[in-house]
Amino acid sequence: MGEKFGMKKFTDTFDKNYLIKSLTTFLTAVFALGMIFYISYHIADRFETELSLLNAANKTVVKNISADAYIFRDETLLYTTGQVNGSVTPAVHSGEKIAAGDRVADIYNHTSPDIENRIAEIDRQILLLEQSRSEDVSVLNSAGLDSEIYKNVENIRRNSEKGNFGDALNHRTELLVSIKKKDILTGGVSDFNEQIRLLESERADLTKQLGTRLESVVSPSAGYYFSEVDGYEGLFTASCLEGITYEDFSALIEKEPVTSGREAAGKITKDFRWYAACPMTKAEAAYFEKGLSYSVSFPYNNRSLNMKLYSVIDEPGGAGAVAVFECGTLPYDFDYLRMQPVQICATDYTGFEIPVSAIRIVDGYEGVFVLDEVTVDFRRVNVVYEYDGYFLCTGGSVLPEEEASEVPLSSAEESDDAVENAVPVYRWIARNDIIITEGTDLYIGKVIG
């Protein structure tokens, strides 16, 4: 009896100890797994919340519209008295102002395209050197001249590769002048007088090689002389822009140049006004307002001019348009190539540059996540312009408190419902906000770090 009682007591004690030990082991394992999970979660969260940040700073972006410009102006051709079998050599610089009776060109009995081209190049070099005489050499800087030299070398290379040898020749002339300016700056030469004298001497020697001067062409009236003739002088006139339709313009630019059978020694224009007609879409033309001035860049001339919008010719029933710009000056040493590319500064936008991928929609609002100290928050944005994978965004002029105060509440019950169901009013983006451009598992209130 005693043995049975003792055996039962031992068994009960063993069972209790075993259960307590097993439960302790189980709870310890659960706690350990929980800690491992907790620590792993936060370690993973730390890795997952690596952020790419961007400071909100203002940037201005120019909206340029590219187009082909067709040059319109009133021009009068200057003809020789008879058929020319020799060389026509300008006696004045292209673009120079002349008086009635001035000699503008000479006709020689020998033909030599190489000599004529070299004389034209010399004339351009002399023109640029004479213009440079008026520059204050003391304000020139070596870095600026080095940039000019490099730019001209690149233009020569690029135009030569494309077969535009005339443009390459023009840049060669500009390159030589820039090198002479550098010589003056570094003390190699004192002025341009000696270089001009050498060029004039070379021109005289080349002219002698053209033989006898058969004729001199004089201008019948005052104006501005231009040596280049393209056969479109009677077509692309300023007066034809009055009342021209889109169909008329489209037909005009398809026409072939006109040849009269007579030899032209150049042309003059009496009016300093000229026009650039630029085909584009109606949507692009909508950026411009009649009477306002815009900066028009002419890459072939390496300069920009302020031109006023003269008119817009719309395509009836279509998406096309022609924006016509007017210039009230005749810039010196400007190539009035009949058709040349332009870039027109239509408008500019200022705002915060934000990658398109960073824009989020929260409660129907377009905006971005920002880092407010160590906490993720949300800021609303106004997208004003998109370009090259970026949005240019601005903030708003209304504070969140003011927007919230504009919601009408007619009773306490309505007020409670409105508070319960209201969509949060988020703040607008502001300068120096820290924008989160990349990150995972982002939400408002998330603590980073």
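What counts, and where the lines are drawn
Residues numbered from 1 in each chain as written. Predicted model: local features only at pLDDT ≥ 70, side-chain atom pairs only at ≥ 80, totals over all residues. Heavy atoms only, no water. Pairing = 2+ DSSP bridges. Helix = DSSP H or I, 4+ residues; strand = E, 2+ residues; numbered from the N terminus. Core = buried A, V, L, I, M, F, W, Y, C linked by side-chain atoms within 4.5 Å. Buried < 20%, exposed > 50% of the residue type's maximum accessible area, 1.4 Å probe, protein only. Contact = heavy atoms within 4.5 Å. Phe/Tyr/Trp six-rings, centres within 6.5 Å; stacked < 30°, edge-to-face > 60°. Expected span 1.5 Å × (residues − 1). Arc of directions from axis to C-beta.

Participant: Please provide a residue-by-residue account of the pairing of strand β2 (residues 58-72), values included.
Facilitator: Where β2 meets strand β14 (residues 339-355), 13 bridges bridge the pair, whose relative direction is antiparallel. From the neighbouring strand, Ala-67 faces β14, where its bridge partner is Val-342. Where β2 and strand β10 (residues 274-281) come together, three bridges link them in antiparallel fashion. Within β10, the position partnered with Ile-71 by the bridge is Ala-276.

Participant: Can you tell me about the sheet that holds strand β8 (residues 223-226), naming the residues and giving the values?
Facilitator: Spatial ordering of the open sheet is given by β3-β9-β8-β5, a layout of four strands whose pairing is antiparallel. For this open sheet the edge positions go to β3 (76-79) and β5 (97-98), each flanked by a neighbour on one side alone. Judged from the two bridges that link them, β5 and β8 form a sheet pairing that is antiparallel. What sits directly across from Lys-97, in β8, is Tyr-224.

Participant: Residue-level account of the nonpolar core, with values.
Facilitator: Counting residues in each nonpolar core, the largest one holds 27 residues, and the members touching the most others are Trp-274, Cys-278, Phe-288, Met-307, Phe-325 and Ile-344. For this core, the secondary-structure elements that each account for two or more residues are β2, β10, β11 (293-298), β12 (303-314), β13 (320-327) and β14. Not counting the four nearest positions on each side in its chain, Phe-325 is found in contact with Trp-274, Tyr-275, Ala-276, Cys-278, Phe-288, Tyr-294, Met-307, Lys-308, Leu-309, Tyr-310 and Ile-344. Grouped together as the second largest cluster of nonpolar side chains are 16 residues, Ala-238, Ile-244, Tyr-275 and Val-322 included.

Participant: Any chance you could break down the packing of aromatic side chains for me, citing the residues and the numbers?
Facilitator: Following the criterion strictly, the structure yields 21 aromatic pairs and no others. Ring plane angle 15° and centroid distance 4.6 Å describe the contact between Tyr-349 and Tyr-385, whose orientation is recorded as stacked. Here Tyr-349 is found in strand β14, whereas its partner Tyr-385 is found in strand β18 (residues 382-387), with 36 residues between them in sequence. As far as the burial class goes, Tyr-349 and Tyr-385 line up, both buried.

Participant: How would you explain the environment of Ala-105 if you had to name every residue and give the values?
Facilitator: Relative to the helices and strands, Ala-105 resides in strand β6 (residues 103-108). Residues Ala-105 and Val-218 lie 113 residues apart in sequence; the distance between their C-alpha atoms is 7.2 Å. Here Ala-105 is in contact with Val-88, Thr-89, Pro-90, Ala-91, Glu-215, Ser-216, Val-217, Tyr-225 and Ala-265, once residues within four sequence places are set aside.

Participant: If you had to explain helix α5 (residues 193-209) to someone new, which residues and values would you point to?
Facilitator: Compared with an ideal rise of 1.5 Å per residue, which puts 17 residues at 24 Å, α5 spans 25 Å between its outermost C-alpha atoms and is within 8% of the ideal. Buried within α5 we find Gln-195, Ile-196, Leu-199, Arg-203, Leu-206 and Thr-207. For α5, the buried positions fall inside an angular range of 110° around the axis, keeping them on one side. A positive phi of about 90° marks Gly-211, the residue just after α5.

Spatial relationships are all this shows, so hold off on functional conclusions.
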